[in-house]
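Coordinate inspection notes
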Amino acid sequence: MIIRGGIVYDPANGIFGEEIDLCIDRGRIVEDAKGEEIDAHDLLVMAGGVDAHSHIAGAKVNAGRIMRPDDARLGMEQATAVCRPSTGYTVPNCYAIGYRYAHLGYTTAFEAATPILESRHTHEELEEIPIIDKGALTLFGSNWEVMQCVRENDLKKLAAYVAWGLRASKGYGVKIVNPGGGEAWGFGANVKGIYDPVPNFDVTPAEIMKSLAQVNESLRLPHSIHVHFNNLGKPGNYTTAIESLDLFKDIKPSRMRQVVHVAHMQFSAYGGTSWKDFKSEAPAIADYFNKNHFCTMDIGQILFGSATTMTADAPLEYGNAHLLHTKWSNHDIELEESSGVVPLVYLRKNPVNAIQWAIGMELALLTKDPWNVILTTDHPNGSPFVNYPEVVSLLMSKVKRQEELSNIHELASKRTTLTGIEREMDWCDIAIMTRAAPAKILGLEDKGHLGVGADADVAVYDLRPEEVDPSTQHDLVKKALAVAKYTIKGGVLASRDGEIMAAPVGRTFWVDASVAKEDEERMMEDLKEKFDRYYSIKLSNYMVQDAYVPNPVVIKAGALPVEEVAP
Amino acid sequence: MSGQEMKTRVEEDVLCSFCGCLCDDLVVEIEGNKVKNVRHACRLGASKLMGHERIRTPMIRKNGKLEEVSYQEAYDRAAQILVNAKRPLLYGWASTVCEAQKKGILLTEMVGGILDSTATVCHGPSILGIEERGLSGATLGQIKNRADLIVFWGCNPAEAHPKHGLRYSTNVCGFFTPEGRKGRKVLVVDVRQTRTAKNADKFIMIATGSDFEVLSALRMFVAGKGEFVPEKVGGVPKEELFEAADMMKAAKFGAFFFGLGITHSRGRSKNVGNALALIAELNAHTKFVVMPMRGHYNVAGIGQVAAWETGFPMSIDFSRGTAYFNPGETAACDVLSREDTDAVMVVASDPASNFPRGIVENLAKVPVIQIDPYENPTTLLAEVVIPSAIAGVECEGTAYRMDGLALRMKKLVNSPHPSDEGVLNGIIESVKKLRGTEAEAKAPNEASA
Ligand code: SF4
Ligand SMILES: [Zn+2]
């Protein structure tokens, strides 16, 4: 296949809007190819989008579906010769997730949080999502074995456990959510700060985070630790964010990437002491990211309208439900985690929501290097991913931002700096924030770029970058990005002008890290005891069996030389 | 063959494919290709795994009598019935694995039918309650390790989920509950004194159909508005309810299990909604979780699979080419009572025994296809009977425990029969074949028209 004449933005390879023909053979970008030609003359061409943080599969996503038939009814689409029926808006069914990412020109998405114990379920859903490649980040932040290793200050044993946990969950990386808080929630409590000990476990969230970061690097995992900070969603929490970030300053990365990725920074960039004097501290956070380069973030933009919040931060969700008097689901997972789900609507005239909206914008615009700040809505917490084109068009147009500011609660202008921000992103910034940087941050070497050897995941948009001025013609930008002209996934034309042409099966990335045998044996002794006495199932029934990941890409890591095995 | 020649194997950590407890600690002795002995199971589980008289071959009813046919003939006949029907109902799914459930959903989509599960006649109201309120839940291990108060409301695990107490709730020892039963309180609420009630620290017998009122009274006490509670609610003196509410508030970690006593008494989904609200409100005072006591081993699974595949957990109508859910209109009993379905496929269940009588009479009026390892009263109504392997004994697959935990069922012995998934695949292929020939037959007409 050859994609002819497109205006290519491939920042990872130093290509910033050049007319280039892309050749594709057997699922990869190659020097030269024959066969089908796709006419992309003068159109915007980028690598397939990569979503590094999205809640697309597993128990809490399905809990959201089950408690929200109202949401399912919002997105009903009929089956076609290629497609199964679609439903849902904030919590779409599996098929809709694949089709809608493809319509956006996205070809990869990572589920942001799966407890080890419930990973079988996560993979059952991931497997049903068509077209896109995927993976899942495994939760470690309130895990009893993790806390035991940290308490004993036995980082080798911890490394053995993390490697084992990734294998058991067929997970891709280390996710930490409100460290220690999930355990405290077991008795309805929470941790209040990073030095507040976890009840009954005699470790602090700071110790948990730092130890996991060290172990992540000793295992040379492709992704860094991926953290949802303590106190997320609370006024004044930016100090917790900065305090937490400082923990990782001296840790050396084992690969060419950050040592910590901060999830949905918007929810952790809050000033004030209560919802009354709530304000933005995004400038302080952006300043930190401008001065320090060991950390990256995704913005977690909120958009006005319906959302379904879902997170392993269960006390946060209880708080949301209590505050908003809305329905609430909670799910505690023995020895590992807790989680919650609460539907809500972000309102333009609500001062808190208006300020939250502006904070996301500030973070993206004030952080100078787009490689350090990637685009997410923390789907479906801030908004469903189908609304990414709205976020992009806002980032590219001051005009559009000012229009929105004049429509929303005035405190968004007073308690944030957004009004004064002149920056308008260009296509290069956008290509970095939506593909190149998320792929680099995740450690996916063949994604997010269009160099020879890369996966042939390509998006062609019906927009002439040399003619359209995104600043004034932001509506054209939004329209073009919402429905890719062509989305090619692994060399197959998956979507054309909003129609699914083919629904190839996606692959699932997971990480197999090796550790020293004696460390593993020591760790297994702990685990045997935990299974004999505390888990409700047998150790032999715990690990996700191969049958649940029929199309794996196993990334090897650990002390051994790094090699990649793609069966 | 003599016993000595037969090789004996022992399989450990085997899952039980009977009730929603999905115990995974069974030890099964297998001789040759037969389950000889089952250890660590309760009697319900042991008898399920030991098996009993099976359907031997596929059958089609001819002149009123079931006659043996080949699998292919049975698939073709089933496909014909489904394709010719305007609104087929594909029902059951609780006692088979998720892999079969997925194929069942695909088949229902293909024939534009309605898919419903046995939840519709058991915990369907619970699902409606959850849609209204959400559910504060936990895995069973969380309850084992933490709960110092167990509430059983309208359920009788001593008879229906015999190992529940030993493995997960009342009697088990855990991290924060090292004393097991001694360190826990057990509160039972029911309309009669069940065996479960006999093991309780406190038993409250309520009048039949008064669940909603009694739950409301407890909510009032929890909210500190006890003065508005009448002297007697549901036949129970006010002080007794006050004590119960106090017991709940005083727990460090409470777990509330409920059964058909709530979902099938007056109020149904509203009772469940009220119970879920009570639990949510208790969390302002302490930690409390709630769980429906699911009956069949994988009835939770069909809810999960249907939700991720279609967006809805049950009663899904595909006749419009998309998934449509409107209980009251699209549930199995709704379409059967309106005589609004003209063919029914029953997979791994027995509606002839479990549906109300009038509805069974309507079921008898339409062609019924049955897929099941065992004969049951539904077989007597069936036009096509297709025997399948027993999931969790003769084939592998996924099941979801009552707390939503997915586990993998094992294959212990070989079966002469295909799995439910295999049977459904066979029917799907036959449907495609039929559709293919239909399309060919139509094509010339269309050309001339
Ligand atoms: S309690 Fe249920 S799952 Fe456990 S052995 Fe008995 S029937 Fe089987
Ligand atoms: Zn998230």
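Described in the following lines is the structure provided in the data block. (Residues numbered from 1 in each chain as written. Chains lettered and ligands numbered in written order. Predicted model: local features only at pLDDT ≥ 70, side-chain atom pairs only at ≥ 80, totals over all residues. Heavy atoms only, no water.)

**Comments concerning empty space enclosed by the protein**
Considering all chains together, one arrives at 7 cavities of 30 Å³ or more under this definition. When its volume is computed, the largest cavity comes out at roughly 580 Å³. Around the largest cavity, the lining comprises 35 residues; the ones closest to its centre are A:I66, B:I130, B:L135, B:Q304 and B:D403. Of all the secondary structure elements, the ones that give two or more residues to the lining of the largest cavity are α1 (59-67), β16 (329-333) and β17 (337-346) of chain A together with α4 (124-133), β8 (136-138), β15 (287-292) and α13 (299-310) of chain B. For the lining of the largest cavity, the element with the highest residue contribution is α1(A), accounting for 6 residues. Shared between two domains, the lining of the largest cavity takes at least three residues from each, and those domains are domain 2 (59-121 + 297-448) and domain 3 (124-292) of chain B. There is about 110 Å³ of room inside the second largest cavity. In this structure, the second largest cavity is lined by 15 residues; those nearest its centre are A:A59, A:K60, A:A113, A:P115 and A:E118. Mapped by element, the contributors of at least two residues to the lining of the second largest cavity are α1, β7 (106-114) and β16 of chain A. It is β7(A) that contributes the most residues to the lining of the second largest cavity, 3 residues altogether. Broken down by class, the residue content of the lining of the second largest cavity amounts to 7 nonpolar, 5 polar and 3 charged. (1 Å grid on protein atoms, 1.4 Å probe; cavity = no way out; pocket = protein on both sides within 12 Å on 5 of 7 lines; lining within 4 Å. Points joined across faces, edges and corners; volume = space filled by probe spheres on them. Helix = DSSP H or I, 4+ residues; strand = E, 2+ residues; numbered from the N terminus. Domains from an automatic or database assignment. Nonpolar A, V, L, I, M, F, W, Y, C, P; charged D, E, K, R; others polar.)

**Re the interface of chain B and chain A**
Each side of the interface is counted separately: chain B has 63 residues, and chain A has 55 residues. Contact between chain B and chain A buries roughly 4,900 Å² in total, counting both sides, with carbon and sulfur atoms accounting for 53%. One can count 6 salt bridges joining chain B with chain A. Note that B:E309 and A:R84 form a salt bridge whose closest N and O atoms lie 3.5 Å from each other. At the junction of chain B with chain A, the criterion picks out 42 residue pairs in polar contact (both at pLDDT 80 or more). (Contact = heavy atoms within 4.5 Å. Buried area = accessible area lost by both parts, 1.4 Å probe. Salt bridge = Lys/Arg side-chain N within 4 Å of Asp/Glu carboxyl O. Polar contact = N/O pair within 3.5 Å; in protein donor to acceptor, adjacent residues only side chain to side chain.)

**Description of a nonpolar patch on the surface**
All names here are of chain A. Together, W275, L323 and L324 line one region of the surface with nonpolar side chains, adding up to about 300 Å² of accessible area. Within the secondary structure layout, L324 lies in helix α11 (residues 314-324). Residue class for L324 comes out partly exposed when judged on its relative accessible area of 44%. (Patch = residues over 30% accessible without salt bridge, like charges linked within 9 Å, V, L, I, M, F, W, Y side chains within 5 Å. Areas by Shrake-Rupley, 256 points an atom, 1.4 Å probe, with all protein chains shown as cover. Buried < 20%, exposed > 50% of the residue type's maximum accessible area, 1.4 Å probe, protein only.)

**Focus: the sheet that holds strand β17 (residues 324-325) of chain B**
Residue and element names in this part refer to chain B. Pairing in this open sheet of 9 strands is mixed, and the strands run β5-β4-β20-β19-β18-β6-β7-β16-β17 from one edge to the other. The sheet is open, and its two edges are formed by β5 (65-68) and β17, each paired on a single side. Pairing of strand β16 (residues 316-317) with β17 involves 2 bridges; the strand directions are antiparallel. Its bridge partner lying in β17, D317 is registered against Y324. (Pairing = 2+ DSSP bridges.)

That's the geometry; what it means functionally is another story.
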